[in-house]
Amino acid sequence: MAQPLVPELLRAHLSELASRDQRADGRGQWEGRELSVEVGVLDRAEGSARVQMGDTIVFCGIKFQLQTPYPDRPDEGGLMTSAELRPLAGRHIEPGPPSPESIEIGRVVDRGIRESGCINTKDLCIIPGEKVWQVIFDCFAISDDGYLFDAFGLAAIAALHNATLPGERFDVGEDRKLPVNKTPIMCSFQKVGGRFVYDSNREEEVGGDERIHITLGEDDHVHSLQKGLKGVFSASEFVEIMAAAKQRCSELRKIVDSL
Amino acid sequence: MAQPLVPELLRAHLSELASRDQRADGRGQWEGRELSVEVGVLDRAEGSARVQMGDTIVFCGIKFQLQTPYPDRPDEGGLMTSAELRPLAGRHIEPGPPSPESIEIGRVVDRGIRESGCINTKDLCIIPGEKVWQVIFDCFAISDDGYLFDAFGLAAIAALHNATLPGERFDVGEDRKLPVNKTPIMCSFQKVGGRFVYDSNREEEVGGDERIHITLGEDDHVHSLQKGLKGVFSASEFVEIMAAAKQRCSELRKIVDSL
Amino acid sequence: MAQPLVPELLRAHLSELASRDQRADGRGQWEGRELSVEVGVLDRAEGSARVQMGDTIVFCGIKFQLQTPYPDRPDEGGLMTSAELRPLAGRHIEPGPPSPESIEIGRVVDRGIRESGCINTKDLCIIPGEKVWQVIFDCFAISDDGYLFDAFGLAAIAALHNATLPGERFDVGEDRKLPVNKTPIMCSFQKVGGRFVYDSNREEEVGGDERIHITLGEDDHVHSLQKGLKGVFSASEFVEIMAAAKQRCSELRKIVDSL
Amino acid sequence: MGYGDVQMIDENGNRVDGRKAGDIRPIEIEMGVVPVADGSASMRWGTNYVIASVYGPMEAHPRKIQRQERAVLDVRYNMAPFSTTDRFRPGFNRRSREISKVTADALESVVLLELYPRSKIRVEIEVICAEAGTRCVGLTAASLALADAGIPMTDMVVSVASGKINGIVVCDLNKEEDNYGAADLPMGVLPNTGELVFLQMDGDLSPSEFQEAWDYNMDAALKIHELMKEAIANKYGGGQ
Amino acid sequence: MGYGDVQMIDENGNRVDGRKAGDIRPIEIEMGVVPVADGSASMRWGTNYVIASVYGPMEAHPRKIQRQERAVLDVRYNMAPFSTTDRFRPGFNRRSREISKVTADALESVVLLELYPRSKIRVEIEVICAEAGTRCVGLTAASLALADAGIPMTDMVVSVASGKINGIVVCDLNKEEDNYGAADLPMGVLPNTGELVFLQMDGDLSPSEFQEAWDYNMDAALKIHELMKEAIANKYGGGQ
Amino acid sequence: MGYGDVQMIDENGNRVDGRKAGDIRPIEIEMGVVPVADGSASMRWGTNYVIASVYGPMEAHPRKIQRQERAVLDVRYNMAPFSTTDRFRPGFNRRSREISKVTADALESVVLLELYPRSKIRVEIEVICAEAGTRCVGLTAASLALADAGIPMTDMVVSVASGKINGIVVCDLNKEEDNYGAADLPMGVLPNTGELVFLQMDGDLSPSEFQEAWDYNMDAALKIHELMKEAIANKYGGGQ
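Rules used throughout
- Residues numbered from 1 in each chain as written.
- Chains lettered and ligands numbered in written order.
- Predicted model: local features only at pLDDT ≥ 70, side-chain atom pairs only at ≥ 80, totals over all residues.
- Heavy atoms only, no water.
- Pairing = 2+ DSSP bridges.
- Helix = DSSP H or I, 4+ residues; strand = E, 2+ residues; numbered from the N terminus.
- Axes fitted to C-alpha atoms, helices over the stretch in contact; angles between N-to-C directions.
- Contact = heavy atoms within 4.5 Å.
- Buried area = accessible area lost by both parts, 1.4 Å probe.
- Salt bridge = Lys/Arg side-chain N within 4 Å of Asp/Glu carboxyl O.
- Polar contact = N/O pair within 3.5 Å; in protein donor to acceptor, adjacent residues only side chain to side chain.
- Core = buried A, V, L, I, M, F, W, Y, C linked by side-chain atoms within 4.5 Å.
- Buried < 20%, exposed > 50% of the residue type's maximum accessible area, 1.4 Å probe, protein only.
- Parallel < 35°, antiparallel > 145°, perpendicular 65-115°, else oblique.
- Left-handed = near helix turned anticlockwise from the far one by under 90°.
- Nonpolar A, V, L, I, M, F, W, Y, C, P; charged D, E, K, R; others polar.

1. Remarks on the sheet that holds strand E1 (residues 27-31) of chain E
All names here are of chain E. The mixed open sheet is built from five strands, whose spatial order is E1-E2-E3-E5-E4. Across the chains shown, the open sheet's two edge strands, defined by having one partner strand only, are E1 and strand E4 (72-79). Going from strand to strand, the sheet's axes swing by 15° on average, the running direction of each strand aside. Bridge analysis of E1 against strand E2 (residues 39-45) gives five bridges, and the strand direction is antiparallel. Bridge pairing in E2 places Ile29 opposite Met43. Each of E1, E2, strand E3 (48-59), E4 and strand E5 (119-129) is contacted by helix H2 (residues 134-148), which is oriented at about 145° to E2, the strand it contacts most.

Shown next as structure tokens:
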């Protein structure tokens, strides 16, 4: 890979903007880009969603497979999340095996869903000890203009609410809606120009510092956290973004629950 | 890999020769190199052939394995073709995982055999739903002086005619000859100096343009086609090489059938 | 990897020392570095040892797994040895897939153990044709100051003498000591400055030539040999190091048997 | 029941989805679907859904892949994991490698690579939903994306496949037909000259059947080319 | 029996190993355990046993990884095959990759990389015996090894995790507790400023439980920092 | 039935294929079998069939593998998929890697690498049919191919293995003997000096058995060397 140019000018520009409480595209500190969420958009998936945040566009497709349960949990199905950063979605994405970035995204999205308990893995049991469903989330970027984390996270929970267990195709009973008990929502913040902002676009991502990913459930319960990239933050900064996360997660949960 | 030298001088030379209806080694446009085909040459294979075309030398060895049939085709065996371009066979062949070229060769040879129906996959059934034979074609180059496609294709069909199902070794009945119903033959053409020629050698391969691979069966039925490499061709050029293919395939079929 | 500097000065220095019957760290030709062997040092392994030879420090951990025996040997368990050269253990060790060096070490250590017959593979049988134990030796370097071969070999046989078959954890009977019938010992020699020495340190390893690895059992029976690296040696040189090996192996065997 | 026994065409020559032998499936083209790309296009073709994006010309690195006299074309064809009925496992795949290679061979035949020495053009083809004929859809979508990126070409490439079912030659097999088909002839045609840059074939076609399939493809390519021209004109204001 | 049903804390607030809610497991630190390394340290923490070594600053090769203005930090976290009850198969592992990345992110936040332009510092973390919380042990041991190598840092990093069992928030889960735990909050703290460079969390914590776990970690980090200072002082003679 | 129970030598000292203890299997050498290579040779040895080819000296690339003062020798030993009774799966293989390495070590000891600074010599060994002792056949064939390529060497390498069956030491085990053998001692000998460049051993040999096997190898190496000299002379006209 070519040496990335040190984006010192970009950083200086973003700092200068931040000092005047501004962002490169005119948004406020906690303001997201224009958002659209559609479900049922993939003909071959058992559940699907398309999320667009500004020029960032992603799909999440849900597929089910049969598997044998683990001996120590004979009545529980499984969950798997894969995030593919294909070079289709941006000049900066190199082809090749999964990058550390894509592994991190997949694992962060996975934990947000898994740890919330929104899927009761016992609901995935077909025959105890023999056959259970595995739910596979495939997150797939079409256009990466920054903050795939939140786009993937939102697409995943929306696709889950849209999913149908394909009993007939696998000859294990009738098709039925996958029970989803909760709506965990991920909100992420990045330090840009010395302060945290919500939903940084690619320009801010390149010229910014550390990110913090927060997944919240009902009653502001915390389900998952992740700090990524180089950077130091204080307890009071964390209190500030946690407050912003609580508000935004609640707005996004309403959108998902109303689909 | 080092940058290949642009073989502009070679291309100019080949074009000049072509303009006088000549080739670098004195052959006519549709004339092949000296050919030898031997079968039963590999002690550990259940069927084998050695093909030499000029300084191009290849082996094809056929091995059988037992496998479980696919649930939707319980009485059919399988077919697998692998073409290995080991660095033994030429200075230009780099070690490492299969190159796109070797994958393409394997797939083209495979399709020629498979699509002709020369093997009835039901003849490979031992116990329906439980045990079937898998036929594996291993194409292996000893010396690559160009046009491995045709050499591999000819070695594969010749080895197939030479193959014995090793029932005794696998304890599933007596050894018996593998039934082979047809003799599909692949003929390939490359555009060299602006016109298509048959059986280009390595010099012509390096200094030439696109290739077209044609596999024909009885009564000139077409079983497989593949255009490879950069290049444009017209319908009338295609008619011309198809006519040449019909003649050459029929000659080669006689050789294989007489082994 | 950066081009290794040609250690010509080092080689000249070592030759000069050798001509005066000396070594860089003051040892005699057949003298080993300070040795310590401890067993039972790894809480999660079923058998373990830590060996220190000068600044070379290694662990060997033994783990057991259940496996299905091979059909032609239904009452015999298996043996596997893996030597990991993790970059923890030295500036010269690059991360990545197993290097040819680490593969060679693993195979040489494995053969010393396996070929001596110190484990009767029939002692690893649980239910003939169904369940047998696989013994896995994981050799792991903490600090590589030269001659991992001998350190690994010694740690492996010491860990083996320390191993317990974990019947209870796998629900196949009671825990019991693994029967070990013999104590094969590996001794290695490297040509440094034109003559063979025992237990070369890393400086001698870098500035030396070929190595010879000898594994001896009771009554000086030979179980395994391996010559590594570029170099020519004579029959009389071999007689000389074989004599040194016989003496040293017998000393080391006493240490292992007394643990 | 053998392949030939399923009746896929009725006595009136109607196919399972109501088409006649020479008809193609419905096609929808959208230009510029990947906002961050230099060029992009999507095709919905039957229930196929394929997106292609183009990046470049850009610096070719590492330097060893550079060519002094022309650009290198880096083409990748890939199936998304949710594109097939059974999940498609990501990773190395011989079929995808081969399709990437023949697609690159076809596009290199029309892109004016010599205009951009020492540079690289990346063409990315992603199959989002697969029905039948994804390689044809991918190649055609890629030539649209190249046009959208403003990369000069001698001609567009239009790719379509004809095949044989129940002994009858038909154009543009759908998924059910493909499952029972006895032959498949995908071609990549330059609509302005009638020349070819892509050709594959599998199965069994007599000389006369082969000619019939060839002719269907040539005819269909011209129809699809009209849709492509329209989509481009709509985006760039030359339309209507 | 579900996760919540196993009683891990008795009526007197004693945990299975006798600790109170806010107590950490016993910790032993040894400096310089890898004689051939530029710096190294081991930590025994409960029955965790983790070794970290540091090499460098050294030339960064291949050149393409060099950064003009600073050193690159190359961090690897790995589990030895005998570190777990079931043998841990060597090779590619998504979990190890992610932990390596977040550990590198944390350390880059304190190491004065700009002092060593164009060079590389390697940090190797090997889990020899794993109990629970290996990522915290690894990150802490790595900062000790960096100190042992004399690499300048703005502060040490002390990492520790709190969690929840039987609805009670406790500090530094051991293996049994971890198996039945309902939440895990590992943090990486700079003891001199109370700032953070590492943060993860899994499970379910109400806002007030979250605050409690956070406070336990902050408190434990200061205690562990005392042990670290002592170990360094013992080695370099500033001790007692 | 244990390994030692199969009677492989009769009361007259005749082995299963009629040989006496010290006899080698029939050997046929062919030079120049890979027309496009710079040098090549094949050996049929019993039913082993091994081909070796040599390319170079050539430019060593990438540059980082170059050595200022000598050529690098790039040796690959590989088993063809049809070389064994059960198909041999292509791909990474620890055994092949190790044999490649010890073969390279042996050849580097005789090839005058310092004559070709900064260059590379490729040696390719392919086992077409495997019986027993393929590493010896490969090493010997490689030294023939190097001679055919005109690469200067201090001496040829002749490699052969002795072993033990039914408690009797014999030379050059065939496949059946190898299956039931209790020891295997392959050596690589320089016939002109009696020195060694290759040595391995597996199994169990008492000191006196070891000496006997060693002597058989030395004796056989001289006989094989005669066949090698003859094959080279036949090709280059110095023969008869």
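2. Topic: the interface of chain A and chain E
Contacts between the two partners involve 34 residues from chain A and, on the opposite side, 36 residues from chain E. Around 3,100 Å² of area is buried between chain A and chain E when both sides are counted, 52% of it from carbon and sulfur atoms. For the interface between chain A and chain E, the tally reads four salt bridges. Between Arg107(A) and Glu98(E) there is a salt bridge, and its shortest N-O distance comes to 2.3 Å. Joining chain A to chain E, the criterion identifies 16 residue pairs in polar contact (both at pLDDT 80 or more). At the level of secondary structure, the elements contributing two or more residues to the side of chain A that touches chain E comprise helix H2 (100-116), strand E12 (222-228) and helix H5 (235-257) of chain A. Pairing of E12(A) with strand E9 (residues 196-205) of chain E, which is carried by four bridges, proceeds in the antiparallel orientation.

3. Remarks on the nonpolar core
Ranked by size, the top nonpolar core spans 129 residues in total, and within it Phe137(B), Leu160(B), Ile214(B), Phe238(B), Ile121(D) and Val123(D) carry the most contacts. At eleven residues, helix H3 (residues 148-161) of chain B tops the list of elements feeding residues into this core. Those residues in contact with Phe238(B), other than ones at most four positions away along the chain, are Ile212(B), Ile214(B), Leu225(B), Phe233(B), Leu199(D), Phe210(D) and Trp214(D). Core analysis: the next-biggest nonpolar cluster, separate from the first, contains 124 residues, Leu73(F), Val123(F), Ala142(F) and Leu146(F) among them.

4. Structural notes on the packing of H5(A) against helix H4 (residues 207-236) of chain E
Relative to each other, H5(A) and H4(E) sit at 160°, their axes nearing to 14 Å. Relative to H4(E), the element H5(A) lies roughly antiparallel. Handedness of the H5(A)/H4(E) crossing: right-handed. Within the contact between the two elements, H5(A) uses Ala235(A), Phe238(A), Met242(A) and Lys246(A) and H4(E) uses Pro207(E), Phe210(E) and Trp214(E). Here the contact of H5(A) with H4(E) is built from residues that sort into six nonpolar, no polar and one charged.

This is a description of form; function is not addressed.
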